[in-house]
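Structural overview for review
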Amino acid sequence: MCLAIPGRIIAIFGRDSFSRMGKVTYGGITKEASLAFVPEAIEGDYILVHAGVAISVIKGEEARKTFEYLDQIGEVEI
Amino acid sequence: MNCPVPLSDYPTVMMAHGGGGRLMQRLIDELFRAAFVDVQPHDGAVLDIPQDKIVITTDSFVVSPLFFPGGNIGNLAVNGTINDLAMCGAKPRYLSVSFILEEGLSMETLWQVVRAMRTAADVANVAIVTGDTKVVERGRGNGLYINTTGIGVLEHNHVIAPDQVKSDDVVILSRDIGRHGMAVMGSREGLSFESDIKSDCAPLSAYVQDILQAGIIPHCLRDATRGGVAAVLNEIATASKLQIDIRENAIPVDEAVRGACEILGFDPLHIANEGCFVAFIAPQEQDSVLDILHRYNPQAAIIGTVADNKPGLVTLETPIGGRRILDMPAGEILPRIC
Amino acid sequence: MKYLDEYRDPQAARKYVAAIKKITKKPWTIMEICGGQTHAIVRYGIQNMLPDEITLVHGPGCPVCVTPIEKIDKALEIAARSNVIFCSFGDMLRVPGSSKDLLTVRAEGGDVRAIYSPLDAVQIARDNPDKEIVFFAVGFETTAPGNAMAAYQAKEMGLKKFSMLVSHVLVPPAMESILSNTECRVEGFLAAGHVCTVMGIEAYAPISSRYKVPIVVTGFEPLDILQGLYMCISQLEQGQTNVENQYVRVVEEHGNRLAQELISKVFRIIPRQWRGLGEIPQSGWKLTAEYEDLDAEYRFDMIDIVQKECSECISGEIMQGLKKPMQCPAFASKCTPDHPLGAPMVSAEGACSAYYRYGNE
């Protein structure tokens, strides 16, 4: 399952690790999300948010892989 | 403009404001008639209607919260009824307004709503000519509910309705979708988010008058309110016994509306609008209609066509080139986790 | 929107479809385990773009759909109580129990609220100290970090009137259960990318090698799914049975360790009933002893409620890929999204609802 949407962190607040929160923007709207499980995330990072909780930081360098893979499997006539 | 009822008297609505006595008379005279100057002190209104054909429609408004970005229940109640008249090809002329007020509603709030109604009526050049007020006990209403009934005149002899839609018609959307529903959603407790999304609540009568004045008779017009564009297209496909095929990529959706729909798991095609309509137009007139609509909103677009295929079916070409059935939304739109 | 729009690119999609057509020689049956993927497949019309040889079956990966009727009945009973604010994810509100759903309880006067995040339920508890706040903590592994966080925060804040009705399920045991069925026709899997984001992918190698199936951890956008399918079909055609990761931009081998730590503090593994599938060993979570005082089933004395499922519905076979929704006699006649008989018709991404909603031309 699970609806999880990439958003960009625009502010971080909260004291200890488990109350660490962020303001996250998704294409023009902003909502708070828990950053407790992504301590490495900094402002400007894209994170994957499910039900108001960040579960992963999106790795920009890996994000091209889907397109590189398409190039690798060769030109296909369409 | 300040609230004309002295707040020191009764800053909130009392049961007696609906009781038929002096307090109710003061509310009508000093608040309602201060804004609704065309209302005569009588049980009904005598109207001057030169045309043979009039169009009448009625609608009730129960939106919560009462105020949302881009509007409030007042201008929504005026524009909603004006738009229903406009979609029938009529020029809106008169409105009746019926309030159900909850005991305890602040007079200031009521005044803001009434003032917004007056402004909306002025913009659309319609007169609010008669009305009614009732008060219910505290806890039995959501602040206030409004019913409006509208009368418009038909200045032509054409029928503009779902059963006039023809095969090969093009489907034109007047602007981007989903703003009203998401503006209301964003200001509700629980699912709120920060955004600059404003309701698209607006009168559509001028658009329609411009189209008619250009000598174009649209086959059908429909504002995409509750249930969104998906519901409207399904209703028209069923009523016209034709198939409608649209392209998702052709449908403009604002980035913020899209973001909100993504995180809550909504389809923008299911989200309510209050100032957006679909027009079914003969193909040779599509450019003229688009030109007219573009004067109001550059996002107006051709989103699909009508075919004499499976009656009642609406299909959608997906952004990646697949095709699927576009169904009515089922009931209340609820946020998903999965 | 970055990281969404590029994965919906029509030209790249056409290239992937062409590439899939090029390598597909034999008929293959592939299950996408996750309801989110089912949703994307149907919403983007992916099935119809694929060669006829490829059959996609929609797995039990919707926690809303597999929540047993007994749990729903408990939710209905708790939510109807006068001093309770019952908080639930929106898609759970329409799931039918044995007599009604949570929306009906709300209409009858229950305070039932649709929330976006488990942490919203904690906030509601802080704002309403006199009320019993019950959060319907459903979900797969993806939702567990948030649900565990809600429990943790409520305890830290000393919110004595906060409790959770837990209905958590685990994906790998369900995959094993499907594969161990002798009638199983599934030859390859797309594993649920967001579940793996939390839990990692280590659990899948033993399954892949024991049942000799390729498993591709896959994302949720159309290009993710097409790439996942390409990788899976490519393995099937070459006779390989490996675990591969398509969703590398978010899924790491070990998953999210911090999330796993909190999950294991708050939840422990138990056998669990799945609506339509029956009991699957080691396939659910309940609160650990440390957190048991938050368990709404104890707090509201619900332990003894037992309820059987409706027999007309073939949802179990649908979720195992043994049948398609259209093969159910009740599909689109007795059973529709407005009047669902079985769970897969309820959630927007339940297999039956997805077929009803978007159909196949």
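Not measured: the values here are computed from a predicted model.

This part takes up the overall build of chain A. A tally of helices and strands in chain A yields 2 helices and 5 strands. Each helix and strand of chain A, ordered N terminal to C terminal, gives the series β-β-β-β-β-α-α. Taking 12 Å as the expected radius of gyration for a compact globule of 78 residues, we find that chain A reaches 16 Å, considerably beyond that expectation. Within chain A, the fraction of its 78 residues that count as buried is 49%.

What follows deals with the overall build of chain C. Summing up its helical and strand segments, chain C has 15 helices and 11 strands in all. Along the first, second and third principal axes, the C-alpha atoms of chain C reach 65 × 45 × 40 Å. The buried share among the 361 residues of chain C stands at 61%. In chain C, the share of contacts with a sequence separation of at least 24, taken over all contacts with a separation of at least 6, comes to 77%.

Another point: the interface of chain B and chain A. On the side of chain A, 11 residues touch chain B, which itself brings 14 residues to the contact. Within the residue set of the side of chain B that touches chain A, elements represented by two or more residues are strand 8 (194-195) and helix 7 (255-264) of chain B. Here the element with the most residues in the side of chain B that touches chain A is helix 7 of chain B; it accounts for 7 residues. Of the residues that constitute the side of chain B that touches chain A, the class distribution is 6 nonpolar, 3 polar and 5 charged. Bridge count for strand 3 (residues 29-34) of chain A against strand 8 of chain B is 2 bridges, and the pairing is antiparallel. If you follow Thr30 of chain A over to strand 8 of chain B, its bridge partner there is Glu194 of chain B.

Looking now at the packing of helix 2 (residues 73-87) of chain B against helix 3 (residues 107-123) of chain B. What describes two packed helices is the angle between their axes and the distance between those same axes. All names here are of chain B. At a minimum axis distance of 7 Å, the contact between helix 2 and helix 3 shows a crossing angle of 35°. Crossing handedness for the pair helix 2 and helix 3: right-handed. Contacts between helix 2 and helix 3 involve Ile73, Gly74, Asn75, Ala77, Val78 and Asn79 from the first element and Val113, Val114, Ala116, Met117, Thr119, Ala120 and Ala121 from the second. Within the contact of helix 2 with helix 3, the residues separate by chemical class into 9 nonpolar, 4 polar and no charged.

Turning next to the interface of chain A and chain C. Each side of the interface is counted separately: chain A has 33 residues, and chain C has 43 residues. Counting residues per element, the ones that place at least two in the side of chain A that touches chain C are strand 1 (4-13), strand 4 (46-50), strand 5 (53-57), helix 1 (60-63) and helix 2 (65-72) of chain A. It is helix 2 of chain A that provides the largest number of residues to the side of chain A that touches chain C, a total of 5 residues. By residue class, the composition of the side of chain A that touches chain C is 23 nonpolar, 6 polar and 4 charged.

Quick look at the confidence of the model for chain C now. Reading fine detail from the predicted coordinates is not recommended where pLDDT is low. Per-chain confidence: chain C averages 92 in pLDDT, with 97% of residues scoring 70 or above. In the predicted complex, the global pTM is 0.92; the interface-specific ipTM is 0.94.

Residue and element names in this part refer to chain C. In this sheet, strand 11 (residues 278-287) lies alongside strand 10 (residues 267-274) in antiparallel orientation, the contact comprising 7 bridges. By the bridge assignment, Arg268 is partnered in strand 11 with Lys286. Connecting the antiparallel pair strand 10 and strand 11 is a turn made up of 3 residues, with Gly276 showing a positive phi of about 90°.

Once that is clear, we can look at helix 11 (residues 222-238) of chain C. Compared with the 24 Å implied by 1.5 Å per residue over 17 residues, the 24 Å span of helix 11 of chain C between its first and last C-alpha is a close match. Among the 17 residues in helix 11 of chain C, 14 count as buried, and that is most of the element.

Let's shift gears to the sheet that holds strand 7 (residues 188-192) of chain C. Residues and elements named next belong to chain C. Within the open sheet, the 5 strands sit side by side as 2-1-7-8-9. Their pairing is parallel. The sheet is open, and its two borders are formed by strand 2 (54-61) and strand 9 (243-245), each paired with just one other strand. Averaged over all neighbouring strand pairs, the angle between strand axes comes to 25°, with direction disregarded.

In terms of nonpolar packing, the biggest core is built from 265 residues, with Ala54 of chain A together with Met117, Leu144 and Leu233 of chain B touching the most fellow members. Residues from two domains meet in this core; each of domain 1 (15-153) and domain 2 (162-325) of chain B gives at least three. With near-sequence residues (within four places) excluded, Met117 of chain B lies in contact with Ala35, Gly74, Asn75, Ala77, Val78, Val97 and Ile128 of chain B.

Turning to the environment of Ser315 of chain C, a few remarks are in order. Residues and elements named next belong to chain C. Counting through the fold element by element, Ser315 comes out in helix 14 (residues 315-319). It is 8.4 Å that separates the C-alpha atoms of Ser315 and Cys352, two residues lying 37 residues apart in sequence. Beyond its immediate stretch of four places on either side in the chain, Ser315 contacts Arg275, Gly276, Gly342, Ala343 and Pro344.

This part covers unusual backbone geometry. Here the amide bond leading from Ser64 of chain B into Pro65 of chain B is cis, since omega sits at 0°, within 30 degrees of zero. A positive phi angle, close to 60°, is found at Asn125 of chain B, a residue other than glycine. Positive phi, normally seen in glycine, also occurs at Ala332 of chain C, with a value near 65°. Here Ala332 of chain C shows up in the loop between helix 14 and helix 15 (351-358).

Looking now at the pairing of strand 2 (residues 21-26) of chain A. Residue and element names in this part refer to chain A. Across 5 bridges, the pairing between strand 1 and strand 2 is antiparallel. Note that in strand 2 the partner of Arg8 across the bridge is Thr25. Relative to strand 3, strand 2 runs antiparallel, the two sharing 6 bridges. Across the sheet, Gly22 pairs through a bridge with Ala33, a residue of strand 3. Counting the residues between successive antiparallel strands, the hairpin from strand 2 to strand 3 contains 2 residues, one of them, Gly27, with a positive phi of roughly 45°.

A word on the sheet that holds strand 4 (residues 91-102) of chain B. All names here are of chain B. In spatial order, the strands read 1-6-4-5; together these 4 strands make up an open sheet with mixed pairing. Two strands bound the open sheet, and with one partner strand each, they are strand 1 (54-61) and strand 5 (127-136). This sheet shows a mean twist of 15° between the axes of neighbouring strands, independent of strand direction. Relative to strand 5, strand 4 runs parallel, the two being bridged by 9 bridges. Bridging from a neighbouring strand, Glu102 pairs with Val136 of strand 5.

Turning our attention to the packing of helix 6 (residues 118-127) of chain C against helix 7 (residues 144-156) of chain C. Residues and elements named next belong to chain C. Following both chains from N to C, one finds helix 6 and helix 7 inclined at 20°, their axes separated by 8 Å at the closest point. Compared by their axis directions, helix 6 and helix 7 come out roughly parallel. The handedness of the crossing between helix 6 and helix 7 comes out as right-handed. Residues Pro118, Leu119, Ala121, Val122 and Ala125 of helix 6 form the contact with helix 7, whose own contacting residues are Gly146, Asn147, Met149, Ala150, Gln153 and Ala154. Across the contact of helix 6 with helix 7, the residue classes tally to 8 nonpolar, 3 polar and no charged.

Residue and element names in this part refer to chain B. By secondary structure assignment, the location of Gly20 is in the segment before helix 1 (22-35). Note on Gly20: 10 C-beta atoms within 10 Å, which makes it exposed. Along the sequence, Gly20 and Asp9 sit 11 residues apart, while their C-alpha atoms lie 18 Å from each other.

Conventions we followed
Residues numbered from 1 in each chain as written. Chains lettered and ligands numbered in written order. Predicted model: local features only at pLDDT ≥ 70, side-chain atom pairs only at ≥ 80, totals over all residues. Helix = DSSP H or I, 4+ residues; strand = E, 2+ residues; numbered from the N terminus. Rg over C-alpha atoms; globule rule 2.2 N^0.38 Å. Buried ≥ 20, exposed ≤ 12 C-beta atoms within 10 Å, placed from the backbone. Contact = placed C-beta atoms within 7 Å. Nonpolar A, V, L, I, M, F, W, Y, C, P; charged D, E, K, R; others polar. Pairing = 2+ DSSP bridges. Axes fitted to C-alpha atoms, helices over the stretch in contact; angles between N-to-C directions. Left-handed = near helix turned anticlockwise from the far one by under 90°. pLDDT = per-residue confidence, 0-100. Expected span 1.5 Å × (residues − 1). Core = buried A, V, L, I, M, F, W, Y, C linked by C-beta atoms within 7 Å. Domains from an automatic or database assignment. Parallel < 35°, antiparallel > 145°, perpendicular 65-115°, else oblique.

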